[in-house]
Amino acid sequence: MTRMMSIGEVARATGVKPTTIRWYEQEGWLPPAARTEGGHRAYGEAHLRRLGFICHARELGFESAAIRALLDLASHPEADCGQAHDLATAQIQDIDARLRRLTALRAELERMATGCDGGVVGECRIIETLADFGHGHCDDPQHGARASSRA
């Protein structure tokens, strides 16, 4: 017989909060838990494995829709894995885009910090640059677009 665990035990074993576990169950990401005679949820090893899958997908940055699709694929082991490949490839592209944005942000911050020689805030290059949102020095192409869309 498989050992059944309370929601608290599952939460401690996985690092997932009980409210999140209940939400995953409500959304269909987890199969419904069995119930004890007292009406409490009782989870098994399959729930732990599924929660591990979800946590790993979250750590890799997959959005909810992609996780839902991956969970569906995982429940059909005979299916073609092309969709899983496509989802992973799209995630790689998203990460690459974020890395480019972060690199541009780092470069701008470095320029700002290098331009600051100390002194008073009224003459601070960092404060001056932050106040000039539309300055055009940032390598992020969205930077100026956000400024013009607010006007």
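Refer to the structure presented above.
Just so it is clear, the model here is predicted, and its values are computed rather than measured.

So, on to the overall build of the chain. Tallying secondary structure elements over the chain gives 7 helices and 2 strands in all. Along the chain direction, N to C, the helices and strands of the chain fall in the order α-α-β-β-α-α-α-α-α. Relative to its full complement of 151 residues, the chain shows a buried share of 26%. Contacts in the chain between residues far apart in sequence, at least 24 positions, make up 42% of those at least 6 positions apart. As presented, the chain carries roughly 10,400 Å² of accessible surface, and 56% of it is formed by carbon and sulfur atoms.

Our next topic: the packing of aromatic side chains. Here the structure, examined in full by the defined rule, presents 3 aromatic pairs. Three or more aromatic residues link up through ring pairs in this structure, and these residues are W23, Y24 and W29.

Turning to the nonpolar core, a few remarks are in order. Membership of the largest hydrophobic core comes to 23 residues, with the highest contact counts inside it found for V10, I21, Y24, L51 and F62. Listed by contribution, the elements that provide at least two residues to this core are α1 (7-14), α2 (18-26), α3 (45-59) and α4 (64-74). By residue number, the principal contributor to this core is α4, which donates 6 residues. Beyond its immediate sequence surroundings of up to four residues, V10 is in contact with M5, I21, Y43, L48 and L51.

This next bit is on the side chain of Q91. Assignment of secondary structure puts Q91 in helix α5 (residues 82-114). A polar contact of 3.0 Å, which involves the side chain of Q91, links it to the backbone oxygen of L60. When sequence neighbours within four positions are dropped, the list of residues in contact with Q91 reads L60, G61, F62 and R98.

Rules of the game
- Residues numbered from 1 in each chain as written.
- Predicted model: local features only at pLDDT ≥ 70, side-chain atom pairs only at ≥ 80, totals over all residues.
- Heavy atoms only, no water.
- Helix = DSSP H or I, 4+ residues; strand = E, 2+ residues; numbered from the N terminus.
- Buried < 20%, exposed > 50% of the residue type's maximum accessible area, 1.4 Å probe, protein only.
- Contact = heavy atoms within 4.5 Å.
- Areas by Shrake-Rupley, 256 points an atom, 1.4 Å probe, with all protein chains shown as cover.
- Phe/Tyr/Trp six-rings, centres within 6.5 Å; stacked < 30°, edge-to-face > 60°.
- Core = buried A, V, L, I, M, F, W, Y, C linked by side-chain atoms within 4.5 Å.
- Polar contact = N/O pair within 3.5 Å; in protein donor to acceptor, adjacent residues only side chain to side chain.

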